[in-house]
Amino acid sequence: MDTSTRAMSSYCQHKQAVAQRFSAAATTYDRVAHLQREVGTDLIGLLPRPIAAAPWVLDLGAGTGYFSKKIKAMYPQSTLVAVDLAQGMLQYAAQQQCADAYLCADMEQIPLRTASVDIIFSSLAVQWSLNFAQTLNECARILRPGGYFLFSSVLEGSLYELKNSWAQVDDAQHVNHFRTASAYTQLCQASPLAIQHLHTQEYVYFYDHLRQLRHELKQLGANHLHAGRRPHLAAKDRLQRLQAAYDTYRRPQGLPATWHIIHLLLRKPS
């Protein structure tokens, strides 16, 4: 197997692993998706108002369809399509009747006609795109002139408390690496889409015990590693060391978990 073939195989395995992880989390996701709901609500606030009729709207990386339902209520005359790589998530969303149509697809290869969509909404999904430049090109391709692509994504530096605490225990990767704000800015500036709005925001959540955070990440399906390496088995003594390291971050409200998020509104030139 040559280098390019191995790289493609690893690329496909990553996508399959992400899809399987989130499919498995479909029934538990909404119970613990505090960050996802807050970030998505903030992102919806970026939609330009008033906005002209939008016959076709996509929720890209729709997950359980929580925001698909909200966007559909905002645009009742539109056809709302929920798109996700995880079949299990789409099945759950369909059971909740969150959208008008459901499409299991890769955001880097969206099987829709060129210039056929008016709005693409994507909250906390594009961080899983290994080739975000291609995702931007696909969104630009399927958007009609004047159409909008708004997205939020996790930034590097998120969960730094957990990452630094694990570093006191071993040298394995336990927290994903994410793109920086400047990387997103550069990729968007190089795309066919024009930046209309950009801002970053910090979200902090507190936990009584470390196991609550670790359980929540597992229930969200967010403990998948981009590198594909599984964390070392968490033996009791290692977890005790991790807990001791994390306790140095404790505040009166509890153990903090900090997320750095970027919000972007892009528009396809008319």
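Going by the structure above, here's the rest.
On a predicted model such as this, the values are computed, not experimentally measured, just so you know.

**Q** Mind showing me how you'd approach the pattern of salt bridges here?
**A** When the charged atoms of two side chains with opposite charge come close together, those side chains can pair. Within the structure shown, the criterion is met by 6 salt bridges. Between D100 and K72 there is a salt bridge, and its shortest N-O distance comes to 2.8 Å. Of this pair, D100 sits in the loop between α5 (87-95) and β3 (101-104) while K72 sits in helix α4 (residues 66-74), and the two are 28 residues apart along the sequence. Of the charged contacts in the structure, one is a salt bridge between E156 and K163, with a shortest N-O distance of 3.4 Å.

**Q** Looking at this structure, how should I read the packing of helix α3 (residues 34-44) against α4?
**A** To describe two helices that pack against each other, one gives the angle between their axes and the distance between the axes. Between α3 and α4, the shortest axis-to-axis distance is 11 Å and the interhelical angle comes to 25°. Judged by the angle between their axes, α3 and α4 are roughly parallel. Remark: the crossing between α3 and α4 carries right-handed chirality. Touching Q36, R37, G40, T41 and I44 of α3 are Y66, F67, K70, I71 and M74, all from α4. Grouping the constituent residues of the contact of α3 with α4 by class yields 5 nonpolar, 3 polar and 2 charged.

**Q** Is there a simple way to think about the pairing of strand β7 (residues 255-267) in this case?
**A** The buried fraction of β7 amounts to 11 of the 13 residues, a majority that puts the element mostly inside the structure. Pairing analysis gives 7 bridges linking strand β5 (residues 143-154) to β7, with the strands arranged antiparallel. Within the sheet, the bridge partner assigned to L150 lies in β7 and is L265. In this sheet, β7 lies alongside strand β6 (residues 194-207) in antiparallel orientation, the contact comprising 13 bridges. Bridged to H197 within β7 is L265.

**Q** Sorry, what's going on with helix α10 (residues 236-246) here?
**A** Given 3.6 residues per helical turn, the α-helix brings residues three or four places apart onto the same face. Along α10, the residues that are buried comprise R238, L242, Q243, A245 and Y246. Here the buried residues of α10 occupy an arc of 165° about the axis, which is enough to place them on one side.

**Q** Could you clarify how one ought to interpret the packing of aromatic side chains in this entry?
**A** Each aromatic ring pair is summarised here by two numbers: the centre-to-centre distance and the angle between the ring planes. Under the definition given, this model contains 8 aromatic pairs. Ring plane angle 45° and centroid distance 6.0 Å describe the contact between F67 and F121, whose orientation is recorded as tilted. Here the residue F67 occupies a position in helix α4, and F121 occupies one in strand β4 (residues 117-123), the gap between them amounting to 54 residues. When its relative accessible area of 9% is taken as the criterion, F67 is described as buried. Taking the relative accessible area as the measure of exposure, F121 reaches 1% and is therefore buried. Members of the aromatic cluster, connected to one another through ring pairs, are F132, F149, F151 and Y184.

So, how was this worked out
Residues numbered from 1 in each chain as written. Predicted model: local features only at pLDDT ≥ 70, side-chain atom pairs only at ≥ 80, totals over all residues. Heavy atoms only, no water. Salt bridge = Lys/Arg side-chain N within 4 Å of Asp/Glu carboxyl O. Helix = DSSP H or I, 4+ residues; strand = E, 2+ residues; numbered from the N terminus. Axes fitted to C-alpha atoms, helices over the stretch in contact; angles between N-to-C directions. Parallel < 35°, antiparallel > 145°, perpendicular 65-115°, else oblique. Left-handed = near helix turned anticlockwise from the far one by under 90°. Contact = heavy atoms within 4.5 Å. Nonpolar A, V, L, I, M, F, W, Y, C, P; charged D, E, K, R; others polar. Buried < 20%, exposed > 50% of the residue type's maximum accessible area, 1.4 Å probe, protein only. Pairing = 2+ DSSP bridges. Arc of directions from axis to C-beta. Phe/Tyr/Trp six-rings, centres within 6.5 Å; stacked < 30°, edge-to-face > 60°.

Nothing here speaks to function; it is all geometry.
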